[in-house]
Amino acid sequence: MKPAGFLKTFFYGEAHFSVWGLFSKMLGFLNMALVLSVLSTYEYGVAQLLLVSYSSVSFFMVLGAGSINNELLRSIGSNDLPKAKAIFQRSSILRFTIGIILWAVFFFGGSIIFSHRFTPEFASLIKVVSFFFINDTLSSIIQPLLKGGKKFAIQARRLPLERILYLALLLYFIFVKKDFGISHLLISQVTAAIIANISLVPATLSIYREWRGVRASKVKIVRPILFGIGRWEIIRPFFEKIVGFLQPALIKLFISTEAVAIFSVAKTILSSLGDLMPIRTLSSLLPLHVNDRYMAGKIFIYGTKYLTLLAVLLMVTGLIIVPPVVKIFFPQYVQAIPIFMVLAFNLPIGTLGALPGTYLAVMRRQKFIFIHSMIRTPIILLLYLTLLPAFSLIGLAFERLLTPFIMLTITLVYLRRKGTEIIIPWSRFFAFDDEDRRFIRKIYYGIKMRLRVSS
């Protein structure tokens, strides 16, 4: 694929994600404002702990998913449709089976598992949380096929639809039923997410029907992927989920449940800014076009350079706008402002590592990614146990800067020493000349053209 064609597809996808993304962000802030204005800090903290209990187990849903989806997209990109169809069919059956088992364990066994250590009300809420696994099952089957079909416009509309439905349910419980608590928050979230995913089913089926005349390969595919290049990825999510679970648990242990809510709000604001970064389509397009070594290398350098500059602009914007907004609209969360101001520096640091991480996955460097994760986990735990007791939530915020910086350094050293299958023009990262000006003009006219089409 020529660079112009790649950029055209990239701009097409990102224009849709940007237009719908801005709309969904407005809805997201409105939804968060409603929730934070109704729930107490303690209730919001409990809700976050509930969601963490789900998230700590949900890693079973993504075991080997990165490697499987990468091979699916690579097969589509190389037009090996029999292999692609076989991967999709068998991986979908696997995800469906895992999802149903997790739902059943939480729905039927949640009260037994949690009733001895928590209140009956908390245990009953686990039944509501169980339906997030149904949503994950739908998403894990639908999303890979939409990415392979480059249905970016359809993908981009899912999140706004979810947030519109979420808003409607919040308004119903708050103003019609006049009864809103943690259970209603969870019911609103999971119902909106499931309906939004169901709305993608017709588009997914239309893509799958295009393979009607293709006979799926009979060769064993998914198992070799899982226990071949994907064997490192099967173990890695376990350690990542442990870290994700320990963060709010340690905050509750060392500080309070309310502190869980305060740190969660700061992270949510950071996440909202990060979602404005135009990197969504790259993870879908790169596996489809990785065979062009020169093109892939240029995208690596230019993408990293300009995305980092954009991240710096978003960071500065956030540092200026967020403090007064929180003070005016969420005064009970003023304590989250200094935490966010530290976390904001995670944007450029995290962005510097985003594309290298994507390329390593595309190039099947799963062993290094696994080792990378194994190094990262003890570093995070060590920083948690030293910075949190010593400096409270501010210390935890500094961990979000130190860990990505250390891991980025390790990744860049690895790329320089071990080399890659692509040709990376490293010197272009700090250069700015006529080639950069041409690249920026392509970006400008590409975005302008695609926004006109979207409108």
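Each value, and the rule that gives it
By convention here, each chain's residues receive numbers from 1 onward along its written sequence. In keeping with the predicted nature of the model, local features appear solely for residues at pLDDT of at least 70, side-chain atom pairs appear and are counted solely at 80 or more, and the whole-chain, interface and lining totals rest on all residues. Computation of side-chain values: all heavy atoms of the structure, hydrogens and water removed. Helix and strand labels come from DSSP, where a helix needs a run of H or I of at least four residues and a strand needs a run of E of at least two; each type is numbered from the N terminus. Think of it in three bands: residues with accessible area under 20% of the maximum for their type are buried, residues over 50% are exposed, and the middle band is partly exposed, with areas taken using a 1.4 Å probe on protein chains only. What makes two residues a contact is simply this: any of their non-hydrogen atoms within 4.5 Å. What sets the accessible areas is the Shrake-Rupley method with a 1.4 Å probe; for residues, cover comes only from the shown protein chains. Given the number of residues in a helix, its expected span is that number minus one, multiplied by 1.5 Å. Between N-to-C directions, angles span 0 to 180 degrees; the directions come from axes that are lines fitted to C-alpha atoms, helices contributing only their stretch in contact. Just so you know how the angles are binned, under 35 degrees is roughly parallel, over 145 roughly antiparallel, 65 to 115 roughly perpendicular, and the rest oblique. By the definition used in this description, the sense in which the near helix is turned from the far one sets the handedness, with an anticlockwise turn below a right angle giving left-handed and a clockwise turn giving right-handed. Throughout, the ten residues Ala, Val, Leu, Ile, Met, Phe, Trp, Tyr, Cys and Pro are labelled nonpolar, Asp, Glu, Lys and Arg are labelled charged, and all others, Gly among them, are labelled polar. To define a nonpolar core, start from buried Ala, Val, Leu, Ile, Met, Phe, Trp, Tyr and Cys residues and group those joined through side-chain atoms within 4.5 Å. As used throughout, domain bounds are those supplied by an automatic or database domain assignment. UniProt positions are given in the numbering used here, feature names are shortened, and annotations may be inferred rather than shown by experiment. Two distance rules govern patches: like charges are joined within 9 Å, and nonpolar side chains (Val, Leu, Ile, Met, Phe, Trp, Tyr) within 5 Å, applied only to residues with over 30% relative accessible area and no salt bridge. Any carboxyl oxygen of Asp or Glu within 4 Å of a side-chain nitrogen of Lys or Arg constitutes a salt bridge here.

*Asks:* For this particular structure, what's the right way to read the overall build of the protein chain?
*Replies:* Scanning the protein chain from terminus to terminus reveals 18 helices and zero strands. Every one of the 455 residues in the protein chain was classed for burial, and the buried ones make up 50%. Counting contacts in the protein chain only where the partners sit at least 6 residues apart, residues at least 24 apart contribute 85% of the total. By element, 68% of the accessible surface of the protein chain is carried by carbon and sulfur atoms, the whole surface being about 21700 Å².

*Asks:* It is not clear to me how helix H6 (residues 131-148) should be interpreted in this structure. Could you clarify?
*Replies:* For an α-helix, 3.6 residues make a turn, and residues three or four places apart therefore share a direction. With 18 residues, H6 should reach 26 Å at 1.5 Å per residue; the first-to-last C-alpha distance of 27 Å fits that figure. Taken together, the buried positions of H6 are occupied by Phe132, Phe133, Asn135, Asp136, Thr137, Ile142, Gln143, Pro144, Leu145, Leu146 and Gly148. The first or second residue beyond H6 is Lys150, which carries a positive phi of 55°.

*Asks:* Would you take a moment to explain the packing of helix H2 (residues 41-55) against helix H8 (residues 182-198) for this structure?
*Replies:* Helix packing geometry: the angle between the two helix axes and the distance between the axes. The N-to-C vectors of H2 and H8 enclose an angle of 45°; their axes lie 10 Å apart at closest approach. For the element pair H2 / H8, the angle class is oblique. Handedness of the H2/H8 crossing: right-handed. From H2, Glu43, Val46, Ala47, Leu50 and Leu51 reach across to H8, where they touch Ile182, Leu185, Leu186 and Gln189. Taken together, the residues that form the contact of H2 with H8 break down as seven nonpolar, one polar and one charged.

*Asks:* Sorry if this is basic, but what is going on with the nonpolar core here?
*Replies:* Proteins that are soluble and globular tend to have nonpolar side chains buried together. Ranked by internal contacts, the top residues of the largest apolar core, which has 85 residues, are Leu50 and Leu186. When residues of this core are assigned to domains, at least three map to each of domain 1 (1-219) and domain 2 (231-454). Not counting residues within four places of it along the chain, the set of residues in contact with Leu50 comprises Phe122, Leu125, Ile126, Val129, Ile182 and Leu186. Among the nonpolar cores identified, the runner-up in size contains 19 residues, and Ile76, Ala86, Phe88 and Ile142 belong to it.

*Asks:* What should I look at first to understand the environment of Thr351 in this one?
*Replies:* One can find Thr351 in helix H16 (residues 346-362). Taking the relative accessible area as the measure of exposure, Thr351 reaches 9% and is therefore buried. Setting aside chain neighbours within four positions, we find Thr351 in contact with Met277, Leu307, Thr308, Ala311 and Asn346.

*Asks:* What am I meant to see in unusual backbone geometry here?
*Replies:* What you tend to see is this: most non-glycine residues have negative phi, and most peptide bonds are trans. With a phi angle near 55°, Lys178 is a residue other than glycine that sits in the positive phi range. A relative accessible area of 69% means that Lys178 is categorised as exposed. Although it is not a glycine, Ser392 sits at a positive phi angle of roughly 60°. Structurally, Ser392 is set in helix H17 (residues 366-418). By relative accessible area, which is 34% here, Ser392 ends up partly exposed.

*Asks:* When you look at the packing of H6 against helix H9 (residues 201-209) in this model, what are you seeing that I'm missing?
*Replies:* Relative to each other, H6 and H9 sit at 55°, their axes nearing to 9 Å. When the axis of H6 is compared with that of H9, the two are oblique. The two elements H6 and H9 meet at a crossing, and its hand is left-handed. Residues Ile142, Leu145 and Leu146 of H6 lie in contact with H9, whose contacting residues are Val201, Ala203, Thr204, Ile207 and Tyr208.

*Asks:* Quick question: what am I supposed to make of the UniProt feature "transmembrane region" (unreviewed entry) in the protein chain here?
*Replies:* Taking the numbering used here, the UniProt-annotated feature "transmembrane region" (unreviewed entry) corresponds to residues 20-39, 51-72, 93-116, 122-142, 163-180, 186-208, 306-330 and 336-362. Each end of residues 122-142 is marked by a C-alpha atom, and these two atoms are 32 Å apart; helix forms 95% of the span and strand 0%. From the first C-alpha to the last, residues 163-180 spans 18 Å; its make-up is 78% helix and 0% strand.

*Asks:* Explain a nonpolar patch on the surface here, please?
*Replies:* A grouping of Val312, Val316, Ile320, Ile321, Val325, Ile328 and Phe329 is seen on the molecular surface, where their side chains present a nonpolar patch of about 650 Å² in accessible area. When you line up the elements, Val316 lands in helix H14 (residues 293-329). With a relative accessible area of 39%, Val316 lands in the partly exposed category.

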